[in-house]
Amino acid sequence: MIYKINEMVFEHELFFKQFDKIVMYYDNGQEVLGTILNSIFRKFDNFEHKINFNHQEKRLFQVSDMLTFIDKYNYKYQNKMRFTKGENFFFSREEIRKIIKELNKKRF
């Protein structure tokens, strides 16, 4: 998994470098993931990892959390992996596929 994330960031390095600042709002809910993302993005001078923040004021956190969930769901679906009860709780498979289809239209 680390390899895939690192590969994606490397492929889009120019995209990330165009911003004045890259801020990752991640509260280390999954400490290993936080460490992985931090190690990959810290190569950028304009990177900042915010762990302590007010979630009500930072709606971006909730949006990014949902997008991460959707991407994880899509990855599991494409690779014929089992879903947890929690992953099947929020959306039906049909709803998730519609969301993924719409998101893919907006990606670069």
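Residues numbered from 1 in each chain as written. Predicted model: local features only at pLDDT ≥ 70, side-chain atom pairs only at ≥ 80, totals over all residues. Heavy atoms only, no water.

A. Quick peek at the overall build of the protein. Assigned secondary structure in the protein consists of five helices and two strands. Along the protein, helices (α) and strands (β) appear in the sequence α-α-β-α-β-α-α when read from the amino end. In terms of principal-axis extent, the alpha carbons of the protein reach across some 40 × 30 × 25 Å. The contacts in the protein between residues at least 6 apart in sequence include a share of 58% that link residues at least 24 apart. With an accessible surface of roughly 8700 Å², the protein has 54% of that area assigned to carbon and sulfur atoms. Averaging the locations of the 20 positively and 15 negatively charged side chains of the protein gives two centres separated by 6 Å. (Helix = DSSP H or I, 4+ residues; strand = E, 2+ residues; numbered from the N terminus. Contact = heavy atoms within 4.5 Å. Areas by Shrake-Rupley, 256 points an atom, 1.4 Å probe, with all protein chains shown as cover. Lys, Arg positive; Asp, Glu negative; His and termini not counted. Charge placed at Lys NZ, Arg CZ, Asp CG, Glu CD.)

B. Here's a closer look at the nonpolar core. Within the largest apolar cluster, 12 residues are counted, these being Ile5, Val9, Phe16, Ile22, Met24, Tyr26, Ile36, Leu37, Ile40, Phe41, Phe44 and Phe47. Looking at this core element by element, the count peaks at four residues for helix 3 (residues 31–41). With near-sequence residues (within four places) excluded, Phe41 lies in contact with Val9, Phe16, Ile22 and Phe47. Counting residues in each nonpolar core, the second largest holds eight residues, with Phe69, Tyr73, Ile96 and Leu103 among its members. (Core = buried A, V, L, I, M, F, W, Y, C linked by side-chain atoms within 4.5 Å. Buried < 20%, exposed > 50% of the residue type's maximum accessible area, 1.4 Å probe, protein only.)

C. Quick peek at the packing of aromatic side chains. All chains considered together, the criterion is met by eight aromatic pairs. Consider the rings of Phe15 and Phe16, whose centres lie 5.4 Å apart with planes at 75°: the pair is edge-to-face. The exposure class of Phe15 is partly exposed, given its relative accessible area of 32%. With a centroid separation of 5.2 Å and an interplanar angle of 85°, the aromatic rings of Phe16 and Phe41 are classed as edge-to-face. Highlighted residues: Phe16 in helix 2 (residues 13–17) and Phe41 in helix 3, separated in sequence by 25 residues. In terms of burial, Phe16 and Phe41 fall into one category: buried. One aromatic cluster is present, built from ring pairs that chain together Phe15, Phe16, Phe19, Phe41, Phe44 and Phe47. (Phe/Tyr/Trp six-rings, centres within 6.5 Å; stacked < 30°, edge-to-face > 60°.)

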